[in-house]
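Below, each chain spelled out in residue letters.
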Amino acid sequence: MLDFFTIFSKGGIVLWCFQGAGVTESFAGPVNALIRSVILQERSGNNSFTHEALSLKYKLDNEFELIFVVGFQKILTLTYVDKFIDDVQLHFRDRYKNELEQKGALKLLNNSFEFEDDFKRLLREAEESCKVRSPPIMRSFKESEKSQKTVKSMIETKGGDKGKEQGGKKNKNAKKEAEPAKGDQGKTSSSGQKMVENGNQNLSAEEIVRKNREEFFRKRMAGPSEKSSKSPKPQKPKGKQNRIWNMGGNSTKELDYSDKNGNGSPNGGEQNPETQFDPEMQPTSMKGDLLSVEYESSDEEEMEEEDEEVIVRETSKPSAKKGRGLFGMLKGLVGSKSLTRDDMEPVLEKMRDHLITKNVAADIASQLCDSVAKKLEGKVMGTFTTVASTVKQALQDSLVQILQPKRRVDILRDVMEAQSQRRPFVITFCGVNGVGKSTNLAKISFWLIENGFTVLIAACDTFRAGAVEQLRTHQRRLNSLHPAEKHGGRPVVQLYEKGYGKDAAGIAMEAIAYARNQAFDVVLVDTAGRMQDNAPLMTALAKLIAVNMPDLVLFVGEALVGNEAVDQLVKFNQALADHSMSDKPRLIDGIVLTKFDTIDDKLLSGQPIVFVGTGQTYNDLRSLNARAVVSALMKA
């Protein structure tokens, strides 16, 4: 029934393995896939993994740093596997405890683990216990309650319904009448406190009304005095005055308001120094690699440490009575204690709620916390460390591991490699409507120009009105920042456009051919915004990518929508795979995350985030700092 069972250390040393009868294929491939996809990525929230036709179950032993893996055919339903792998772990630990406590790879290699007899005995017991449980027998129709009903009982009559309704109303009225009677009995037997609370019991209706009026007027009179004691609210600054436009007049000087301040009043030709334009002001240089997103300050980290201490105090309240004083406090801090699920559960619950409030999807937050719990369960804590600090550090490490790109994305190096092959490096931008594809394309163009590359922009958004004009404006501004005279008389940015209503894939192909003939270094392909459920537009995008085979496909998503951007990315990938004609469709390679400066709650995704947009100028382009994002995510 089982294909294989293996026990190995986290260092990669196989301590013992078993291979089922008739199994000829090596289990190294599925186990290596498990290590790459789950264990190294620290995604151990779910203890199952599927690789081709095999289903793998695994168990982590954090105390001895062991991993137990069992594999069987995916079509089989083996209910005893979870209990069986737990039993094998306990027996193996108990039998070779002394050998496992010896640290070092050489000592593990020198020891021999003869575990086959115990393994077969445990497997036989697990299979027999599964056979003993007989499946429940389905009862016949005659034994069911439905067979006892007659046709007469299923017929509804108007008179019967009315009788039921009247009877129901009578029952309700009877209950209402019975409740005051019970209430009177309760009042006579109640204590003096209830008499004080129900002080209106012995008063007449007029006295109750008079008493309520006095309380009402007393509250009204006390209200203004309490409000006056509070500090006065600061006055709001005066807003901009509305400008009155006259119908007549032909003088253009009257329409020139450039020498007036924000309120529309003349100010002697002088402007506010903050709003004054400096003709010498130029965007700062972006030569070299992009700056990363700023990291959080140490003062905020100190505040977070204080919050951790509060969490520790709250979670240690039940055990506070047992050890008070200095020794009790030291007992809670000093290490050499194995963590259990019960110790971590209160802290994990608070961490899960915190992630959900930070716009992390509830299922992702639960999987993260479960993964951290499995990673830390049985681990021995260090000296003078708390449970909260240990759990938080493990959660931060897991988040950083998720945000780190799984493959190298070095655009400058890739462009230089394409230069050596005498071909342009092609980047295609795609995404939903209004996320900032054209704007961030212009920012990336400026960054590439600063690094000495020439750029050709392909206007493949032939649907949105004004898309070509927007790119032409960016081209004109970029060429003014880098005049052609400084680059041998050749403009560093050119726009390739064919107007509106044309085939986007054909325009992209012509632009790439033109860039190859004119020796451009980079081609940036701007596409029309589209929703992931629009089948015709997704088919056109899949065609554009399949025909032109760009070097990099970037998905542009805004951070404002939170986890909706992750859902859009997943559906974009699925739509590209569904609408592609190839067996190996080209999918999205990375993300451009826009409007990152407008939010505090950041975004989690498995795809590499190549660029981060942090503002509205050409300089507002950053690379992702995973630790900065995790720090913002964990900040209270």
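Residues numbered from 1 in each chain as written. Predicted model: local features only at pLDDT ≥ 70, side-chain atom pairs only at ≥ 80, totals over all residues. Heavy atoms only, no water.

Participant: Even after reading the chapter, I still don't get the pairing of strand 5 (residues 66-73), so can you show me in this structure?
Facilitator: A regular strand carries its side chains on alternate faces of the sheet. With respect to burial, strand 5 is a largely interior element, 7 of its 8 residues being buried. One ladder, built from 7 bridges, connects strand 1 (residues 2-9) with strand 5; its direction is antiparallel. Directly across from Phe 5, in strand 5, lies its bridge partner Val 70. Both strand 4 (residues 54-61) and strand 5 contribute to a ladder of 8 bridges, which runs antiparallel. Bridge pairing in strand 5 places Leu 54 opposite Gln 73. Where strand 4 folds back onto strand 5 in an antiparallel hairpin, the turn is made up of 4 residues, including Glu 65, whose phi is positive at roughly 55°. (Buried < 20%, exposed > 50% of the residue type's maximum accessible area, 1.4 Å probe, protein only. Helix = DSSP H or I, 4+ residues; strand = E, 2+ residues; numbered from the N terminus. Pairing = 2+ DSSP bridges.)

Participant: I would appreciate a short explanation of helix 18 (residues 504-517) in the present structure.
Facilitator: The α-helix winds at 3.6 residues per turn, so residues separated by three or four positions along the chain end up facing the same way. Taking 1.5 Å of rise per residue, the 14 residues of helix 18 would be expected to cover 20 Å, and the 20 Å separating its terminal C-alpha atoms lies within 8% of that figure. Three or more residues of helix 18 are buried, namely Ala 505, Ile 507, Ala 508, Ala 511, Ile 512 and Ala 515. Projection of helix 18 onto a plane perpendicular to its axis shows the buried side chains occupying an angular sector of 160°, all on one side. Packed against the buried residues of helix 18 are strand 6 (425-431), strand 7 (455-459), strand 8 (493-496), strand 9 (522-526) and helix 19 (535-548). Immediately downstream of helix 18, the backbone of Ala 519 shows phi near 60°, a positive value. (Expected span 1.5 Å × (residues − 1). Arc of directions from axis to C-beta. Contact = heavy atoms within 4.5 Å.)

Participant: Explain unusual backbone geometry to me, please; I cannot follow it from the model alone.
Facilitator: Trans is the common state for peptide bonds, and a negative phi is the common state for residues other than glycine. Non-glycine residue Glu 65 carries a positive phi angle of around 55°. Checked against the element boundaries, Glu 65 lands in the loop between strand 4 and strand 5. Phi at Met 549 takes a positive value of approximately 45°, unusual for a residue other than glycine. Counting through the fold element by element, Met 549 comes out in the loop between helix 19 and strand 10 (552-558).

Participant: How should I be thinking about the packing of helix 12 (residues 341-357) against helix 13 (residues 362-376) in this particular structure?
Facilitator: The geometry of a pair of packed helices is captured by two quantities: the angle between their axes and the separation between those axes. Taken N-terminus to C-terminus, the directions of helix 12 and helix 13 make an angle of 155°; their axes are 9 Å apart at the nearest point. Here helix 13 runs roughly antiparallel to helix 12, going by the angle between their axes. Every pair of crossing elements has a handedness; the one defined by helix 12 and helix 13 is right-handed. On helix 13, the residues touching Arg 341, Met 344, Leu 348, Met 351, Arg 352, Leu 355 and Ile 356 of helix 12 are Ala 362, Ala 365, Ser 366, Leu 368, Cys 369, Asp 370, Val 372, Ala 373 and Leu 376. Residues that form the contact of helix 12 with helix 13 fall into these classes: 12 nonpolar, 1 polar and 3 charged. (Axes fitted to C-alpha atoms, helices over the stretch in contact; angles between N-to-C directions. Parallel < 35°, antiparallel > 145°, perpendicular 65-115°, else oblique. Left-handed = near helix turned anticlockwise from the far one by under 90°. Nonpolar A, V, L, I, M, F, W, Y, C, P; charged D, E, K, R; others polar.)

Limitation: the analysis is restricted to geometry and does not speak to function.
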